[in-house]
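Fold and geometry: a report
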Amino acid sequence: IMRILPSISIYNIILSIMSSNAIPTVDGFSSRSNMKMSMVDAPYGAWKSPITSKAMTAGSVAIGSLKLDRDDNLFWIEGRPNEGGRYVVCQYSPENNDNDNKKRNERDAVDVTPAGSNVRTRVHEYGGAAVTFGNDGKTLFYSDFETQRVMKLDYDDNDNDNDEVVAITPDDENCRYRFADGFYEKSRLVMVREDHTNPAPKDVVNEIVSVDANNDNEKEISVLATGNDFYSNPRISPDGTKMAYVTWNHPNMPWDATELRVVSITTNNDDDETSSVTEAVDAQTSSHELLAGEDGDTSIMQPMWHPLTGDLYYISDESGYKNIYRASSKGDKTIVSSILPMEYDFGGSSPGWSLGQQGFQFSPDGRLIATISKNGSTRLIVANVMLVNDDDNDAFAASVQEYGTDDGLPMQFGGVVASKTNNDLFFIGGSPSTPSSVYKWNLDTKGDAIQLACSSSLSFPDDVISIPEQIEFDTTLGTAFGYYYAPKNGKYQCTTESAPPLLVKAHGGPTACASAAFSAGMQYWTSRGFAVLDVDYGGSTGYGRDFCRRLRGAWGIVDIDDVCAGAKHLVEKGLAHPDRLCIDGCSAGGYTTLGALAFKDVFTAGCSMFGVADLTALAGDTHKFESRYLDRLIGKYPEDEAIYKQRSPIESVDTLNCPILLLQGDEDKIVPPNQAEMMHEALVKKGIPSCIKIYEGEQHGFRKSENIEDCLDSELAFYGKVYNIPVPDAVTLNIENLE
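Here is a short report on the structure shown in this document. (Residues numbered from 1 in each chain as written. Predicted model: local features only at pLDDT ≥ 70, side-chain atom pairs only at ≥ 80, totals over all residues. Heavy atoms only, no water.)

**Details of the overall build of the protein**
A count of helices and strands for the protein gives 10 helices and 41 strands. Classification of the 739 residues of the protein by burial places 63% in the buried group. Of the charged side chains in the protein, 63 are positive and 108 negative, and the gap between their average positions amounts to 2 Å. (Helix = DSSP H or I, 4+ residues; strand = E, 2+ residues; numbered from the N terminus. Buried < 20%, exposed > 50% of the residue type's maximum accessible area, 1.4 Å probe, protein only. Lys, Arg positive; Asp, Glu negative; His and termini not counted. Charge placed at Lys NZ, Arg CZ, Asp CG, Glu CD.)

**Notes on the environment of T139**
Along the polypeptide, T139 turns up in strand β8 (residues 139-143). Residue classification places T139 among the buried residues on the basis of a relative accessible area of 7%. A C-alpha to C-alpha distance of 33 Å links T139 and N198, two positions 59 residues apart in sequence. If we ignore the near neighbours within four places in the chain, the residues touching T139 are F133, G134, K152, L153 and Y155. Within polar-contact distance, the side chain of T139 engages the side chain of D136 at 2.8 Å. (Contact = heavy atoms within 4.5 Å. Polar contact = N/O pair within 3.5 Å; in protein donor to acceptor, adjacent residues only side chain to side chain.)

**Quick word on the sheet that holds strand β30 (residues 434-442)**
Pairing within the open sheet is antiparallel, and its 4 strands lie in the order β28-β29-β30-β31. Pairing within the sheet leaves two strands with one partner each, and these edge strands are β28 (412-418) and β31 (446-454). Taken pair by pair, the neighbouring strands of this sheet meet at an average axis angle of 30 degrees, ignoring direction. (Pairing = 2+ DSSP bridges. Axes fitted to C-alpha atoms, helices over the stretch in contact; angles between N-to-C directions.)

**Quick word on the packing of aromatic side chains**
Scanning the entire structure with this criterion turns up 36 aromatic pairs. With a centroid separation of 4.6 Å and an interplanar angle of 55 degrees, the aromatic rings of F75 and F133 are classed as tilted. One end of the pair, F75, is in strand β4 (residues 74-80); the other, F133, is in strand β7 (residues 131-133), and 58 residues separate them in sequence. Each of the two residues, F75 as well as F133, counts as buried. An aromatic cluster is present here, built from Y126, F230, W248, W255, W353, F625 and Y629 joined pairwise through their rings. The ring centre of Y524 lies 4.0 Å from the NZ or CZ of R528, which sits over that ring. Of note, K624 hangs over the ring of F230, and the distance from its end group to the ring centre comes to 4.9 Å. (Phe/Tyr/Trp six-rings, centres within 6.5 Å; stacked < 30°, edge-to-face > 60°. Lys NZ or Arg CZ within 6 Å of the ring centre and 35° of its normal.)

**Some words on the pairing of β28**
Taken across its 7 residues, β28 has 5 buried, putting it largely inside the fold. As paired elements, β28 and strand β29 (residues 424-431) share 5 bridges and run antiparallel to each other. Residue G414 lies in a different strand from β29, and its bridge partner there is I428. The turn linking β28 back onto β29 is made up of 5 residues.

**Some points on the pairing of strand β40 (residues 660-665)**
Of all the 6 residues making up β40, 6 are buried; the element is thus mostly covered by neighbouring parts of the structure. In β40, alternate side chains face the same way, and those of I660, L662 and Q664 on one face and L661, L663 and G665 on the other are all buried. Here strand β39 (residues 605-609) pairs with β40 via 4 bridges, running parallel. Across the sheet, residue S608 finds its bridge partner in β40, namely L662. Bridge analysis of β40 against strand β41 (residues 690-695) gives 6 bridges, and the strand direction is parallel. Bridge assignment links I660 to a residue of β41, and that residue is S690. Considered for its hand, the β-α-β crossover made up of β40, helix α9 (residues 674-686) and β41 is right-handed. (Right-handed = clockwise from strand over helix to strand, strands pointing away.)

**Side note on helix α4 (residues 558-572)**
For α4, built from 15 residues, the straight-helix expectation of 21 Å at 1.5 Å per residue is met to within 8% by its first-to-last C-alpha distance of 21 Å. Turning to α4, its buried residues number three or more, namely V558, D559, I560, D561, D562, V563, C564, A565, G566, A567, H569 and L570. Next to the buried residues of α4 lie β33 (469-475), β34 (478-485), β36 (502-506), β37 (531-536), β38 (581-586) and α5 (588-599). Positive phi appears at G574, one or two residues downstream of α4, with a value of about 75 degrees. (Expected span 1.5 Å × (residues − 1).)

**What to know about a nonpolar patch on the surface**
Together, L308, M386 and L387 make up an exposed nonpolar region whose accessible area comes to about 310 Å². Mapped onto the elements of the fold, L308 is located in the loop between β20 (300-305) and β21 (312-316). (Patch = residues over 30% accessible without salt bridge, like charges linked within 9 Å, V, L, I, M, F, W, Y side chains within 5 Å. Areas by Shrake-Rupley, 256 points an atom, 1.4 Å probe, with all protein chains shown as cover. Salt bridge = Lys/Arg side-chain N within 4 Å of Asp/Glu carboxyl O.)

Quick look at the structure:
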């Protein structure tokens, strides 16, 4: 019930559009001097904006999953809505690079994977970690979305049309095997495999396997860890003798309770140049050393071996925050230390949703490099962990340094990767007014981060960009948080209405968070005269474990209380019109949207995008990864069926009395389309204004440009009709039961 977040997902990394000092003519918005003319007085919501849905998709891509190969060549994955939403591996290739025969795109990058291919794995359905690099500087491995086979690609050829691609996993027309989160070790790949031979969620088998990098013979695949429900982050120690990994069982999700285990591994011969992982001494997980998570109530994530010392680092929330720990071997004794104790969460904004997430790295000289979020901005933490005396459990890092915007870094950034040969860092960053971009920053020279590539080629005037304000407000369990965006458009004002309509956004997950990073999806609304509140309700990540656990047993209560409290807070401050409060959300945010409309009397309209309407149906009809998620959020099913029904919006249609728009993909395996269809049918039967759109070929999140555009434009037209706002150039929308 996703956010995303984390493999790149185009609907979640809402496509960015750049704000700059050089302002081209876009939809009649010309130079800054022309914008000094008298402002047009028009109703809130009826302002004409240059930030159109078509402009957003036409000039933008999603960029994620930065990687460096052996020779420090930089790669990333692009999500392209104008190419059917497919994902492409790209190599940064400025003019002085050797790739002169390959066509560069606007981001000075060349496509590495073949034309028409789609680099995406369906492990856990959310995927992530679909690409692994060999250690020869010329080979990469990727998951092909159509077949779910792992493909081997020789990318050093200057002509990518002639690059050789071969499959190294078995052919199967039913795509019963899925692979992700690979680690290359000599001639084999250690990967997470998901086996759908028996497709019922309870029968799907997840394991860690070793795959021959030169052979697609199924017999050459050996199992290294098995017996538990889920696995992630298989990582081989620098000396090649051990494998660390994270594992967990139902009903836990990775942010609830996981285990960090270590197992000894054997190789196929004694030649260091060709030896590779063949098998574990015993593949049963229960026989592997349990290093952390033994209490069954701690989340362990993102293990990584130190390349110089061989110590194992990982993230644990045992202190109440996701902090970085180190396990060091001293003879036959293992000493575990909290290396950077802080009351901040490491590991990224929404760790656990996708595979391959890594919230810290190591520099060539062994320093630890990590990020945290502090007061709405990202801070880079650099610590010397090479001089720590860890004879006891109080071994702290030395010379801890913190860097931020004053040191030339963007306001928000993440996905940091560190050079293997110098102190260059690469990351994806931006700000409330700057779209997602790839940056380089050097630990030695500091200075302003160098922008290498931007996710958008378009620019818009500064005076249509609303800068969010982080706010706190009182709610049922204390305090909740959010980002408030005021309406802003340099050509318009409204003197006839006391306050603007407010669109409250409930993020997906629900174990995820809002962000102040630039989002064209936010500016689409504010530049038309809507105020927006992006809420971090109880259960969101980034505020410590206690805040995240507010939703335990209380989904459909705490989240709904908090989005309602946020809306009322802005009404009390005169920043929102009490009769024009609307709400939207994707997936879990769609459930919060429907629940707020069904169980509270605060909002007057809403839009649910692939949201949950019937919790009982979801409990029996979703994929393995989330099939027991509701045990923690609601209760056990079917034992607590009464609670499921009580909190299902579809069971409370009698209390609904405001218009609802439902947007859904017809291939969604996470929240199946029957959820939206059942809700729409119930609303129409009761006489409540409702509109449903089912997008062909879309799954859990919209990736095709035409559907991203229609999604935004339909929601705007919907509110225009409901609130009698004269929306310029509104799309045609058939809303049943609306006069």
